[in-house]
Amino acid sequence: SRLEQKPIAAWDMDDVRRWLRAAATAVARRWHDADAAAAPKEGDGAAAPTAEILEGRMVMHVLCVCDWIEKELSAKTAARGATRVVTPRVADISAISIRWQVRARVHG
């Protein structure tokens, strides 16, 4: 796919969301297949969730994580923009004094 050919460093949030959704779908299908294979052996009678339900839950969690990441990124961007370097100002430049420190020579 186009996403697999794109370097991860160049991904934007939509690319991350697409990849996480695809991964969540694959994981949900594997879980469902593993549960379906184990169900006849166990025979506990409990109905396992369908693949669609597992996939829906996984995608819901992925979207929540993506929303949280977007909030954190926007908060950091906003905080970075609000931080401003303040240069100290002096009312009278003649009041500034510079003190030179002279290191003693060590004669050895």
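Conventions we followed
- Residues numbered from 1 in each chain as written.
- Predicted model: local features only at pLDDT ≥ 70, side-chain atom pairs only at ≥ 80, totals over all residues.
- Heavy atoms only, no water.
- Helix = DSSP H or I, 4+ residues; strand = E, 2+ residues; numbered from the N terminus.
- Buried < 20%, exposed > 50% of the residue type's maximum accessible area, 1.4 Å probe, protein only.
- Contact = heavy atoms within 4.5 Å.
- Areas by Shrake-Rupley, 256 points an atom, 1.4 Å probe, with all protein chains shown as cover.
- Polar contact = N/O pair within 3.5 Å; in protein donor to acceptor, adjacent residues only side chain to side chain.
- Core = buried A, V, L, I, M, F, W, Y, C linked by side-chain atoms within 4.5 Å.
- pLDDT = per-residue confidence, 0-100.
- Salt bridge = Lys/Arg side-chain N within 4 Å of Asp/Glu carboxyl O.
- Phe/Tyr/Trp six-rings, centres within 6.5 Å; stacked < 30°, edge-to-face > 60°.
- Disulfide = S-S within 2.5 Å.

### Things to note about the overall build of the protein
So, point 1. Of regular secondary structure, the protein possesses three helices and zero strands.
So, point 2. The linear arrangement of helices and strands in the protein, starting from the amino end, is α-α-α.
So, point 3. Taken over 108 residues, the protein has a buried fraction of 12%.
So, point 4. Considering only contacts within the protein whose residues lie at least 6 apart along the sequence, 61% involve residues at least 24 apart.
So, point 5. In the structure as shown, the protein presents an accessible area of about 9800 Å², 58% of it carried by carbon and sulfur atoms.

### Some points on the side chain of Thr 25
So, point 1. Mapped onto the elements of the fold, Thr 25 is located in helix 2 (residues 13-42).
So, point 2. Only 2.9 Å separates the side chain of Thr 25 from the backbone oxygen of Arg 21, close enough to count as a polar contact.
So, point 3. Setting aside its immediate chain neighbours within four residues, Thr 25 contacts Glu 55 and Val 59.

### A look at the nonpolar core
Within soluble globular proteins, side chains that are nonpolar tend to cluster in buried spots.
So, point 1. Met 13, Ala 24, Ala 28, Leu 54, Met 58, Val 62 and Cys 66 together form the largest nonpolar core, which totals seven residues.
So, point 2. With four residues, the top contributor of residues to this core is helix 3 (residues 51-82).
So, point 3. With near-sequence residues (within four places) excluded, Ala 28 lies in contact with Leu 54, Glu 55 and Met 58.

### A closer look at the confidence of the model for the protein
As a general rule, the predicted coordinates of low-pLDDT regions are not to be interpreted in detail.
So, point 1. Scored by pLDDT, the protein has a mean of 77; 67% of the residues are at 70 or more.
So, point 2. Within the protein, helix 1 (residues 2-5) has the poorest average pLDDT of any element, 81, and helix 3 the best, 83.

### Regarding the pattern of salt bridges
Where side chains of opposite charge bring their charged atoms close, a pairing between them can arise.
So, point 1. Applying the stated rule across the entire model yields four salt bridges.
So, point 2. For Asp 15, the salt bridge is made with Lys 6, and the minimal N-O distance between the two is 2.6 Å.
So, point 3. A residue is classified by how much of its surface remains accessible, and Lys 6, at 25% relative accessible area, is partly exposed.
So, point 4. Put simply, Lys 6, Asp 15 and Arg 18 are held in one network by salt bridges that share partners.

### Looking at the environment of Trp 19
So, point 1. Take Trp 19: it is sitting in helix 2.
So, point 2. In this structure Trp 19 comes out as partly exposed when scored by relative accessible area, which is 45%.
So, point 3. Separated by 15 residues in sequence, Trp 19 and Glu 4 place their C-alpha atoms 9.1 Å apart.
So, point 4. In this structure, Trp 19 is in contact with Leu 3 and Trp 11, ignoring residues within four places of it in sequence.

### Regarding the packing of aromatic side chains
So, point 1. By the definition in use, this model includes one aromatic pair.
So, point 2. Taken together, a centroid distance of 6.3 Å and an interplanar angle of 45 degrees make the contact between Trp 11 and Trp 19 tilted.

### Quick word on the side chain of Asp 15
So, point 1. Looking at the element boundaries, Asp 15 is found in helix 2.
So, point 2. For Asp 15, the side chain forms a polar contact with the side chain of Lys 6, separated by 2.6 Å.
So, point 3. Here Asp 15 is in contact with Arg 2, Leu 3, Lys 6 and Ala 10, once residues within four sequence places are set aside.

### What about the state of the cysteines?
Linking two cysteines covalently via their sulfur atoms produces the bond known as a disulfide.
So, point 1. This structure, assessed with the given rule, holds zero disulfides.
So, point 2. A disulfide-free cysteine, Cys 66 has its sulfur positioned 9.4 Å from the sulfur of Cys 64, the nearest such atom.
So, point 3. You can call Cys 66 buried: its relative accessible area is 0%.

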